Amino acid sequence: MALTNQRVDVPVIVDESKCLEKCHACIEVCPLDVLVKNPETGKAYMKYDECWFCLPCEKECPTNAITVQIPFLLR
Amino acid sequence: MTNTQHLKTDVLVVGGGTAGTMAAIKAKQANPEAEVLILEKANIRRSGAIAMGMDGVNTAVIPGNSTPEQYVREITIANDGILNQQAVYQTGKLGYEVIQELDSWGVKFQKDTYGNYDLKQVHRVGKYVLPMPEGKDLKKILARQVKKHKAKVTNRVMATRVIVKDGRAIGAVGFDVRNGDFVVIQAKAVVLCTGACGRLGLPESGYLYGTYENPTNAGDGYSMAYHAGAELTNIECFQINPLIKDYNGPACAYVASPFGAYTANAEGHRFVNCDYWSGQMMLEVWKELNSGKGPIQLKMTHLDEDTIAEIETILWSNERPSRERFHQSRGENYRTHGVEMHISEIGLCSGHSASGVWVNEKAETTIPGLYAAGDMASVPHNYMIGAFVFGRLAGTNAMEYVEGIEHLEPDTDWLAAEKERIYKPMQNPDGVPHTQVEYKLRRIVNDYLQPPKNTHKMDIALNKFINYHDTLDLMGARDPHELMRCMEVHFIRDCAEMAARASLYRKESRWGLYHYRIDYPEKNNEEWFCHVNLKKENDNMTLFKRPVEPYIVDVNLAEEYDVKVTAN
């Protein structure tokens, strides 16, 4: 089956200048498990568009690198 | 090749949310020597319905304010008489101990200047609402107690089926949602605490995960209990809530109405006489919206600055703290704007209504060794305190049950078949994405199951849900994470079929909007004063009537109900 990659505006924004390579705090607390590390940069990013905008990732980030926006469709 | 992990425990708790963490703690308290394992597909530190805490207790029966008997009367009326009063009584009787224990663990409840719990009235008669303005760390506190009690935790493993042998629950199977391992857990007893089916209907925003419930709660336990052969009940009594439009979270009237906020139509007039969420209240909301008098709103603009600031502090730090940025991004403010409200999509959740796995007052399902607690266990209007109470009952009783019981070896052919079923989407990585398969399924739920219900629409729904097995076979997953979502769509399909069949079976209207049938618009106590239960029998979904258990608290339903209607 043919698949296409669609662009999506994602709710979880990571400030890479603040994100710590060895820290997994946001990844561990996400109920939906949507955050992963970019293997090349060691920075976290939102890989799956399945956000409940519940905020544990933002609250538990030790460097305040994360901002959660309300998903575009609800905003 | 998929790696297989074999685990063994005495009591297995599936789902580490409100009920599950309490079940594990209480099982360990009952027997510290025995092994207790929590299986959680997220991480128990922030999982379940209260991932970001809770802003209040809705069903606190505190001596001096109310009694368990009054509470049972209140819920009997709110649920139109269809309940097992003995089970509801447990929440009334044990809730106070639960609150005291949570208090001792550091959970903060609002107290007055004399140090007494500061209860508010939202229900029709009694005071049961206890604010928790500092309830944001509830889940972290529970996770700490789980660790302290030495219950084991396996995070990021999702259960797919309960293993049943010789008629009893002997474990569960699932897979690691990160590395993809097949996981087989043998247990002497299994406690299901997987929450609501919050991804049944599709939110009007169209965002699959913009649900009222934590979207990880996809009806896992409803489906697993069904396939284990357990009875489910009151499935046709849907969960439908009045929520912030688009945001789809609570506004929250339980927090704001004790301060003087109220639900109003576009002209600012009240149209519900009680903000307690019941099917009757939702019918009033539905009628108002359909009469052209909308939009409806939670009105706070008349309150003074200090009061509004206090409400903001509570609402913006607990339960759904992103409410703050939602309002701000729209340039809205409680001082100048009402909060526009809407009716949610349908779901299954006994925490708010009554749909769930049938349990008795000991949290036992109809399968020996299988217990259920929390939103997925049918104890009407049980809310968070009910989840704690039934988690506690399930943990304690499961530990008692396992004494003298031996592990049983799962059937290898059955395990192989389940493994094949789980991993099928991985064999087809370019298959239809789970997002599209789920979207279509939930849109069908909206189109044909959303009340008002009628036979023709539900016949179409049922037919589509049955045929949807073929659509599920088309799904593809590229990694274990996508596989998790695929298996959740299987759970949602099962719940949708149950919702259609149970709604077709009960040929009357009951619970206000929750089961409002155009073709049977009246309540019919002569034929339908009973539970509608269902279970899997010879691979078929069988429905039947189960008599309502004898009342232990007298309630004159006709009298109470008439008073309620005329008061509007």
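A brief look at the structure comes next.

Definitions and limits used
- Residues numbered from 1 in each chain as written.
- Chains lettered and ligands numbered in written order.
- Predicted model: local features only at pLDDT ≥ 70, side-chain atom pairs only at ≥ 80, totals over all residues.
- Heavy atoms only, no water.
- Contact = heavy atoms within 4.5 Å.
- Buried area = accessible area lost by both parts, 1.4 Å probe.
- Salt bridge = Lys/Arg side-chain N within 4 Å of Asp/Glu carboxyl O.
- Polar contact = N/O pair within 3.5 Å; in protein donor to acceptor, adjacent residues only side chain to side chain.
- Pairing = 2+ DSSP bridges.
- Helix = DSSP H or I, 4+ residues; strand = E, 2+ residues; numbered from the N terminus.
- Axes fitted to C-alpha atoms, helices over the stretch in contact; angles between N-to-C directions.
- Buried < 20%, exposed > 50% of the residue type's maximum accessible area, 1.4 Å probe, protein only.

Moving on, we get to the interface of chain A and chain B. Each partner contributes residues to the interface: chain A has 30 residues there, and chain B has 42 residues. Taken together, both faces of the contact between chain A and chain B bury some 3100 Å²; the carbon and sulfur share is 55%. The largest contributions to the chain A side of the interface with chain B come from Glu50, Trp52 and Leu74 of chain A, which together make up 23% of the buried area. Scanning the region where chain A abuts chain B turns up eight salt bridges. The partner of Arg485 of chain B in a salt bridge is Glu50 of chain A, with the nearest N and O atoms 2.8 Å apart. The tally of links between chain A and chain B comes to 24 residue pairs in polar contact (both at pLDDT 80 or more).

This brings us to the sheet that holds strand S8 (residues 168-176) of chain B. For sheets, the rule is that strands pair by backbone hydrogen bonds, running either parallel or antiparallel. Residues and elements named next belong to chain B. Ordered in space as S1-S9-S8-S7, the four strands form an open sheet in which the pairing is mixed. Each of the sheet's edge strands pairs with one partner strand only, and the pair in question is strand S1 (4-8) and strand S7 (157-165). Pairs of neighbouring strands in the sheet enclose a mean axial angle of 20 degrees, with direction left out of account. In the packing of helix H11 (residues 412-423) onto the sheet, the strands contacted are S1, S7, S8 and strand S9 (182-186), and the crossing angle to S7 comes to about 150 degrees.

Moving on: the environment of Thr301 of chain B. Residue and element names in this part refer to chain B. By the secondary structure assignment, Thr301 is in the loop between strand S14 (296-299) and helix H8 (305-315). Judged by relative accessible area, Thr301 falls into the partly exposed class, the value being 30%. Apart from the residues within four sequence positions on either side, Thr301 is in contact with Tyr334, Arg335, Thr336, His337 and Gly338. Within the local environment of Thr301, its side chain forms a polar contact with the side chain of Lys299, the two groups lying 3.4 Å apart.

What follows deals with the sheet that holds strand S19 (residues 530-537) of chain B. Residue and element names in this part refer to chain B. Pairing in this open sheet of five strands is mixed, and the strands run S18-S16-S11-S19-S20 from one edge to the other. Each having just a single partner strand, strand S18 (377-378) and strand S20 (540-547) make up the two edges of the open sheet. As judged from the two bridges shared by strand S16 (residues 356-358) and S18, these two strands associate in the parallel manner. Each residue of the ladder has a partner; that of Val357, found in S18, is Ala377. The sheet contacts of helix H14 (residues 480-505) involve strand S11 (232-233), S19 and S20, and relative to S20 the element is tilted by about 45 degrees.

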